[in-house]
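Residue strings, one per chain:
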Amino acid sequence: MPAVWSESHRLHDPHGEVWVGVTIPPDEVPARGEVIRAALVTAGARIVEPTPHSRGDLTTVHDPDFLDHLASAHGRWVAAGYPNNPGQDQVVPYVFPLPQIFGSLPRRLPVAESARAGWYAMDTTTPVGPGTYAAAVAAADCALTAADMVLAGERAVYAVCRPPGHHAGRDFYGGACFLNNAALAAEQLRRGSAARVGIVDLDAHHGNGTQMLFYERSDVVYASVHIDPDAGWFPHFVGRADETGAGPGQGANRNESLPEGAGDAEWVPAVGRLCAAVAGCDALVVSLGVDGHVDDPESPLRVSAAGYAEAGRRIGALGLPTVFVQEGGYELSTLGGLVVGTLAAFEEEMGP
Ligand code: SP5
Ligand code: ZN
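Conventions adopted
Residues numbered from 1 in each chain as written. Chains lettered and ligands numbered in written order. Predicted model: local features only at pLDDT ≥ 70, side-chain atom pairs only at ≥ 80, totals over all residues. Heavy atoms only, no water. Pairing = 2+ DSSP bridges. Helix = DSSP H or I, 4+ residues; strand = E, 2+ residues; numbered from the N terminus. Contact = heavy atoms within 4.5 Å. Axes fitted to C-alpha atoms, helices over the stretch in contact; angles between N-to-C directions. 1 Å grid on protein atoms, 1.4 Å probe; cavity = no way out; pocket = protein on both sides within 12 Å on 5 of 7 lines; lining within 4 Å. Points joined across faces, edges and corners; volume = space filled by probe spheres on them. Nonpolar A, V, L, I, M, F, W, Y, C, P; charged D, E, K, R; others polar. Buried < 20%, exposed > 50% of the residue type's maximum accessible area, 1.4 Å probe, protein only. Right-handed = clockwise from strand over helix to strand, strands pointing away. Near = heavy atom within 4 Å. Polar contact = N/O pair within 3.5 Å; in protein donor to acceptor, adjacent residues only side chain to side chain. Areas by Shrake-Rupley, 256 points an atom, 1.4 Å probe, with all protein chains shown as cover. Sits in = over half its atoms within 2 Å of the grid points. Donors = N, O, S within 2.8 Å, 3.2 Å for Na, K, Ca; no water. Patch = residues over 30% accessible without salt bridge, like charges linked within 9 Å, V, L, I, M, F, W, Y side chains within 5 Å. Salt bridge = Lys/Arg side-chain N within 4 Å of Asp/Glu carboxyl O. Expected span 1.5 Å × (residues − 1).

**Description of the sheet that holds strand β1 (residues 3-4)**
One open sheet holds the eight strands; their spatial order is β4-β1-β5-β10-β9-β6-β7-β8, and the pairing between them is parallel. In the strand order of this sheet, the two ends are held by β4 (47-48) and β8 (253-258), each with one partner. Alignment of strand β7 (residues 220-227) against β8, held across six bridges, turns out to be parallel. By the bridge assignment, alanine 223 is partnered in β8 with arginine 254. Along the sheet, helix α9 (residues 264-278) makes contact with β6 (197-201), β7, β8 and β9 (283-288), crossing β7 at roughly 175°.

Right, here's the structure in full:
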């Protein structure tokens, strides 16, 4: 299937992330975008450039003030002098506006850039550098272009999004994500010919951003399999099985939480239940994270390459127009093969 890829992903090049107060090497790195591209080229995929989209295509999902913040945060950070004192050249928050700080007071945006960062960031592990926003917009353009291609008649298109997106919400970023590429693709499909869109999220972590964007809507069904946040894993606060949607969206959200060490025997049947949850939709978005693989450093799931291929087959059997959106997957030696193997199994099942 065609793959939409932009070299602009390289502009997001974090050199350290702050985790539990310690700066550690990041794993959402430019090499990810390169090994995926190399695997696609080897597999003979047609690689296409994204088409630039408008601000209006981003504000279907994201708050305008949030977009303005992301676009300007690093410049203001540098102007405020943080690279020299105390010596941090990436935007990293140091305080967070917990609801209990305000009580019934109005929530007013702080002035200091290091505090303002906490207004929009859910964690300290998602650094904003000079090219981060441009890369995030290029990734969003990949997802939007893939959706456009599916609306124009392609049966399936893969958007090689980097940075990933499923932890980002309407007005917050985190978990290595800035703009929610999968949600943007889903909205684009909705605004096109798809009355009801399913999102199947295979990433090892729960896509809290995507879930909350559509939690009260019935026209976008979100279904995710992930490591149980109650086993102590990111995104920690949401992703439980009893989160089933609210209001008009009641019943349109499905979470399959797995315990540490779960492998194909648990994961593949859970994927089958996700497929059942989105059956009957008019189009599909797959948040294709492959960090559930046994060798991945970011999750304790133990899914095999054969497990991912089986997921591809089951999703292909739905027969829906499908946009694949890259999410996580951090072991560079297996990342490309897992992605290409999943897509190939999907195509075999779905047919040409
Ligand atoms: C898109 C995606 O997969 N995001 C996942 C981000 C999860 N980050 C959690 C915190 C990262 C800390 N990693 C430390 C690894 C030490 N071995
Ligand atoms: Zn993940």
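Having seen the model, we can carry on.
**Quick notes on the layout of surface pockets**
When its volume is computed, the largest pocket comes out at roughly 730 Å³. If you trace the largest pocket, you find 34 residues lining it, with Glu17, Trp19, Thr125, Phe234 and Glu298 closest to the centre. For the lining of the largest pocket, the residue count by class is 15 nonpolar, eleven polar and eight charged. By volume, the second largest pocket is sized at about 510 Å³. Along the wall of the second largest pocket there are 18 residues; nearest its centre are Gly118, Trp119, Ala121, Met122 and Phe172. When contributions to the lining of the second largest pocket are tallied by element, the ones reaching two or more residues are α5 (113-120) and α8 (208-213). Sort the elements by how many residues they give to the lining of the second largest pocket and α5 lands first, with three residues. Grouping the constituent residues of the lining of the second largest pocket by class yields 13 nonpolar, two polar and three charged.

**Some remarks on the pairing of β7**
In terms of burial, β7 is largely enclosed, as eight of its eight residues are buried. Bridge analysis of β6 against β7 gives five bridges, and the strand direction is parallel. In the strand pairing of β7, glycine 198 is matched with valine 221. Considered for its hand, the β-α-β crossover made up of β6, α8 and β7 is right-handed.

**Structural notes on the site of ligand 1**
Close contacts around ligand 1 come from 15 residues, with His167, Gly175, Asp291, Glu298 and Tyr330 the closest. Taking histidine 205, its side chain carries an N or O atom lying 3.3 Å from an oxygen atom of ligand 1. Look at ligand 1: alone it shows 510 Å² of surface, and the protein chains cover 78% of it. Applying the majority rule of atoms within 2 Å of the grid points places ligand 1 in the largest pocket. Classifying every residue of the shell around ligand 1 by side-chain character gives six nonpolar, five polar and four charged.

**Brief notes about the coordination of the zinc ion (ligand 2)**
Taken together, Asp203 (OD), Asp203 (OD), His205 (ND1) and Asp291 (OD) make up the full set of protein donors to the zinc ion (ligand 2), lying 1.9 to 2.8 Å away. Mapped onto the sequence, the donors of the zinc ion (ligand 2) take the spacing D-x1-H-x85-D. One end of the pair, aspartate 203, is in the loop between β6 and α8; the other, aspartate 291, is in the loop between β9 and α10 (305-316), with 88 residues separating them in the sequence. Here aspartate 291 falls in the buried class, since its relative accessible area comes to 0%.

**Re a nonpolar patch on the surface**
On the surface, a nonpolar cluster with roughly 340 Å² of combined accessible area is contributed by Trp19, Val20 and Val22. With respect to the helices, strands and loops of the structure, valine 22 is situated in strand β3 (residues 22-24).

**Topic: helix α1 (residues 30-42)**
Counted at 1.5 Å a residue, the expected span for α1 with its 13 residues is 18 Å, and the 19 Å between its end C-alpha atoms agrees. For α1, the complete set of buried residues consists of Pro30, Arg32, Gly33, Ile36, Ala39 and Leu40. Residues of α1 that are buried make contact with β1, β4, β5 (156-159), β10 (322-326) and α11 (332-350). Count one or two residues on from α1 and you reach glycine 44, which has phi positive near 80°.

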